[in-house]
Amino acid sequence: MADTTRILIDTRPLPVILLSKSYRYLVFALLIAVVSYLFTLSPPEGLSPQGYRALIVFGLCVFLWVTQMLPLAITGLLAIVAPPVFGVLPAKDTFALFGHETVFFILGVFIMAAAMMKSGLSTRVALKLLRGAGSSPKKLLFQIMVAATLLSFVMSEHAVAAMLFPIALEISRALEFVPYGGSYGRLLFLSMAWGCIVGGIGTLLGSGRAPLSVGILYQMTGEQIGFVQWSLATLPVVIMTFTAAYFMITRYFSVDVQSVAEADRILSEKNRLQGKPSASEWFITVIFFLTVVAWMKFGTKPGLAVISILSVVALFVFKAVRWKDLEEYVNWGVFLMYGGALCLSSVMDKTGAGPYLATQVIQGVGGNPLMVVIIFTLVALVLTEAISNSAVVAIMTPVAISVCIPLGIDPKGITLLIALASGLGNALPMSTPAMAIAFSAGYFKLKDTLVPALLMSFFSVLALLLAGKFWWPVLGIHILK
Amino acid sequence: MNNDRNILLVISTTRESPRTIAYALRRAQELKGKLVALCVIDTALPNSIVDQLSDSGFVGDKPGEEIYDEIMEEYQHRGEKKLAEIVEAARRNTIPAKGVLKKGDLVEECLKVAREEKAAVVIVGRKKMSKLSQFIFGSPIRKIEKNSQCPVEVIEE
């Protein structure tokens, strides 16, 4: 028998096995015990009993969002019902917050994205963008990144990753790649994922977290970031991170194939098989462009949400989509999560818990505005590698805004920084579904992406700070007033 | 050929197992038995992607189902290819062999096939794992060892 062989016996102790089976219930029991104990304590000096209870509810939701022991949407629901249960705010107030404009803007955006996916319009656009790479491996990677980025400007980056994955798989099959058989296979999936991540920060449509952060900002300060202002503010960040990502992919890793002509042939064939656009695709395209124009011109009045809902009505008028289709493509949990997050930020602000927390944070970090900005950006960037990026926005934006106001930091600036940093997680499979999908192809492991992802994070912070320092003031956003 | 000498080789679609395969071929020659190569497509990974898409990405059921099917199809394709290579390698060495592709839980499927094929020995590869990781998380291989009716030989890849 070879010396590499040995027979192992399961020696795990019984308590470890029992703990692994029951830890979830133990954690919940412990959580209830801790929360119950905290409620018996007196509020700290400078915080009202109502604010103290709000802080406990906030802590509870943060714990559940971070650990995801409950689905994000269910924690969102808890954020709506916990304040009345614990006497923080009356039920009619918290449920009213669920009807926030932002929630309906997201509703409209998700429905439009669903229509694009169902009709095949998004796949058609992706295939058009992937045409003509010829035999150049680098050009194909560039086109995959461009397709992922541009599509993530107009629909959820997660949906874009799900849609592009089969195309990337088909390319890898055409080129006869095998997992760990070379470098180019991993570049295909990495360029797809990083393209989605970069594009997802570009507009208010790339993910729910952008409108959520704008909604929290408006709720807490009355200030708004419009569709155009957001897109213009993020544009240089997108360009810088896209460039860094492309160079990282093509320089850090080796492009070890000579020709991708076979992939180009298959993509051309798929394009040909698409045929002519259907009437639905034309209607959806026209309605989408009119909607974007309306968001740009009338984003403040009647508002983004009104326009997006009117566009949804128009989709149904032209029979471009059926309700049944929407149910398959829209995850209604999104509204519970974002509604709950908005409710929680409002509860924190109204009860004084937010300003109290802000005072503690300022005392902790020394009150240097620039340091505060850098710390919040870095924390968002690090947190988003491990937890949902929407949860990062929901947790950090209310605290950051509360901290920044007394320090003279523009709340718009810090809102943008957190929303953008939270969208730039690019290393771990749990950072974003796009990375999880890319990992699932089996072409790379965590160790393959750690160093380039770390470098990408460095470039991302640099891009954010450069944009904040030199570009955002042109748009009227002065991070340090 | 003796039915009591069937050797069950367990491989995965997510990693290469050259040492395990080579060892299984040698054992089959030693025992003069039949080599049954089993590839289990573990549904846990695609399921976790669908969950993440739904819970964190708030993507609807349909794209989730589509990506699940795509991942499973890809893994199946890779599994079939690997099994064909192993069977071919066995035939070159005049070892009777067959490939079995299953979907589901690695431990359950492995034990089931071991019973069905009356395996005399199960050979399975694994990457190196620290003592601490083994202690805390355990591993599917430990479960196979604990529940298998025949000896399990573990090859460190």
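Participant: If you had to explain the overall build of chain A to someone new, which residues and values would you point to?
Facilitator: Helix and strand content of chain A: 21 helices and one strand. Here chain A has a C-alpha radius of gyration of 24 Å; the compact-globule value for 481 residues is 23 Å, and the two agree. If you line up chain A on its principal axes, its C-alpha atoms span 75 × 70 × 45 Å. Classification of the 481 residues of chain A by burial places 57% in the buried group. Within chain A, counting contacts between residues at least 6 apart in sequence, those at least 24 apart form 80% of the total. Side chains of chain A carry 31 positive and 21 negative charges; the gap between the two charge centres is 4 Å.

Participant: If you had to explain the overall build of chain B to someone new, which residues and values would you point to?
Facilitator: Summing up its helical and strand segments, chain B has six helices and five strands in all. When the helices and strands of chain B are listed from N to C terminus, the series reads β-α-β-α-α-β-α-β-α-α-β. Here the contacts in chain B between residues at least 6 apart in sequence split such that 80% fall between residues at least 24 apart. On chain B, roughly 7500 Å² of surface is accessible, and the fraction owed to carbon and sulfur atoms is 49%.

Participant: Could you give an account of the interface of chain A and chain B, with specific residues and numbers?
Facilitator: Contacts between the two partners involve 48 residues from chain A and, on the opposite side, 43 residues from chain B. Between chain A and chain B, roughly 3900 Å² of surface is buried when both sides are summed, and carbon and sulfur atoms account for 56% of that area. Remark: the boundary between chain A and chain B carries one salt bridge. Here chain A is connected to chain B by seven residue pairs in polar contact (both at pLDDT 80 or more). A total of seven residues in the side of chain A that touches chain B trace back to one element, the largest contributor, which is helix α8 (residues 157-174) of chain A.

Participant: I'd like a description of unusual backbone geometry, backed by residues and values.
Facilitator: Each neighbour pair has its own omega, and for A:Lys301 with A:Pro302 the value is 5 degrees, a cis peptide bond. Position of A:Pro302 among the secondary structure elements: in helix α13 (residues 279-317). Unlike most non-glycine residues, B:Lys32 shows phi in positive territory, near 55 degrees. Looking at where B:Lys32 falls in the secondary structure, it is placed in the loop between α1 (18-31) and β2 (35-42).

Participant: Report on the pattern of salt bridges, specifying residues and quantitative values.
Facilitator: All names here are of chain A. Taken as a whole and assessed by the stated rule, the structure comprises 15 salt bridges over all chains. In this structure, lysine 118 and aspartate 325 form a salt bridge, with 4.0 Å as the shortest nitrogen-oxygen distance. In this pair, lysine 118 sits in helix α5 (residues 101-119) while aspartate 325 sits in helix α14 (residues 323-329), placing the two residues 207 residues apart along the sequence. With relative accessibility at 36%, the residue lysine 118 sits in the partly exposed group. Taking relative accessible area as the criterion, aspartate 325 reaches 6% and is therefore assigned buried. Where glutamate 262 meets arginine 265, a salt bridge forms, and the shortest distance between an N and an O atom there is 2.7 Å. A residue pair is termed a helical-turn pair when its members lie 3 or 4 positions apart in one helix, as glutamate 262 and arginine 265 do in helix α12 (residues 261-274) at three residues. Taken together, the shared-partner salt bridges connect Lys118, Arg322 and Asp325 into one network.

Participant: Tell me about the side chain of A:Asn271, and name the residues and values.
Facilitator: All names here are of chain A. Among the structural elements, asparagine 271 can be located in helix α12. Take asparagine 271: its relative accessible area is 8%, and that puts it in the buried class. If we skip the residues at most four places from it in the chain, asparagine 271 touches Leu127, Lys128 and Arg131.

Participant: Provide a residue-level description of the state of the cysteines, including the pertinent values.
Facilitator: All names here are of chain B. Per the stated rule, a full pass over the model turns up zero disulfides over all chains. Not engaged in a disulfide, the cysteine cysteine 110 finds its nearest cysteine sulfur in cysteine 150; these two sulfurs lie 8.1 Å apart. When its relative accessible area of 1% is taken as the criterion, cysteine 110 is described as buried. Assessed through its relative accessible area of 13%, cysteine 150 is described here as buried.

Participant: Tell me about the nonpolar core, and name the residues and values.
Facilitator: Counting residues in hydrophobic clusters, the biggest one holds 187 residues, and the most contacted among them are A:Trp65, A:Leu140, A:Tyr184, A:Phe189, A:Trp194, A:Trp295 and A:Trp472. Counting residues per element, this core draws most heavily on α5(A), at 13 residues.

Participant: Summarise the environment of A:Ile171; cite the residues concerned and give the values.
Facilitator: Residues and elements named next belong to chain A. By secondary structure assignment, the location of isoleucine 171 is in helix α8. Given the relative accessible area of 1%, isoleucine 171 is considered buried. When the C-alpha positions of isoleucine 171 and glycine 195 are compared, they lie 17 Å apart, and in sequence the two are 24 residues distant. Excluding its chain neighbours within four sequence positions, the residues that come into contact with isoleucine 171 are Leu140, Ile144, Leu188, Ala263 and Leu267.

Participant: Please give an account of the packing of aromatic side chains that cites residues and values.
Facilitator: Residue and element names in this part refer to chain A. As enumerated under the stated definition, the model contains 18 aromatic pairs over all chains in all. Ring centres 5.9 Å apart and planes at 75 degrees place the aromatic pair tyrosine 246 and phenylalanine 247 in the edge-to-face group. Ring-pair connections join several aromatic residues into one group, and the members of that group are Phe142, Phe242, Tyr246 and Phe247.

Participant: Help me get a handle on a nonpolar patch on the surface, residues and values and all.
Facilitator: Residue and element names in this part refer to chain A. Taken together, the side chains of Met240, Tyr252, Leu446, Leu450, Val451, Leu455, Phe458, Phe459, Leu462, Leu466 and Phe470 make up a nonpolar region of the molecular surface, amounting to roughly 970 Å² of accessible area. The leading source of residues in the nonpolar patch is helix α21 (residues 446-471), at nine residues. Structurally, the position occupied by leucine 450 is in helix α21. The exposure class assigned to leucine 450 is partly exposed, which follows from its relative accessible area of 42%.

Participant: Lay out the confidence of the model for chain A in plain terms, naming residues and giving numbers.
Facilitator: Per-residue confidence for chain A gives a mean pLDDT of 89, with 97% of residues at or over 70. When the criterion is pLDDT under 50, residues 1-9 of chain A qualifies, and its contacts beyond four places in sequence or with other chains add up to 22 contacts.

Participant: Explain a negative patch on the surface residue by residue, including any values.
Facilitator: Residue and element names in this part refer to chain B. A contiguous patch of negative charge, built from Asp61, Glu65, Glu66, Asp69 and Glu73, is present on the exposed surface. With respect to the element layout, glutamate 66 can be found in helix α3 (residues 61-92). We classify glutamate 66 as partly exposed; its relative accessible area is 39%.

Participant: Lay out helix α6 (residues 121-129) of chain A with the relevant residues and their values.
Facilitator: Burial in α6(A) covers these residues: A:Leu121, A:Ser122, A:Arg124, A:Ala126 and A:Leu127. At its buried positions, α6(A) is contacted by α5, α7 (137-154), α8, α12 and α13 of chain A.

Cut-offs used in this document
- Residues numbered from 1 in each chain as written.
- Chains lettered and ligands numbered in written order.
- Predicted model: local features only at pLDDT ≥ 70, side-chain atom pairs only at ≥ 80, totals over all residues.
- Heavy atoms only, no water.
- Helix = DSSP H or I, 4+ residues; strand = E, 2+ residues; numbered from the N terminus.
- Rg over C-alpha atoms; globule rule 2.2 N^0.38 Å.
- Buried < 20%, exposed > 50% of the residue type's maximum accessible area, 1.4 Å probe, protein only.
- Contact = heavy atoms within 4.5 Å.
- Lys, Arg positive; Asp, Glu negative; His and termini not counted.
- Charge placed at Lys NZ, Arg CZ, Asp CG, Glu CD.
- Areas by Shrake-Rupley, 256 points an atom, 1.4 Å probe, with all protein chains shown as cover.
- Buried area = accessible area lost by both parts, 1.4 Å probe.
- Salt bridge = Lys/Arg side-chain N within 4 Å of Asp/Glu carboxyl O.
- Polar contact = N/O pair within 3.5 Å; in protein donor to acceptor, adjacent residues only side chain to side chain.
- Disulfide = S-S within 2.5 Å.
- Core = buried A, V, L, I, M, F, W, Y, C linked by side-chain atoms within 4.5 Å.
- Phe/Tyr/Trp six-rings, centres within 6.5 Å; stacked < 30°, edge-to-face > 60°.
- Patch = residues over 30% accessible without salt bridge, like charges linked within 9 Å, V, L, I, M, F, W, Y side chains within 5 Å.
- pLDDT = per-residue confidence, 0-100.

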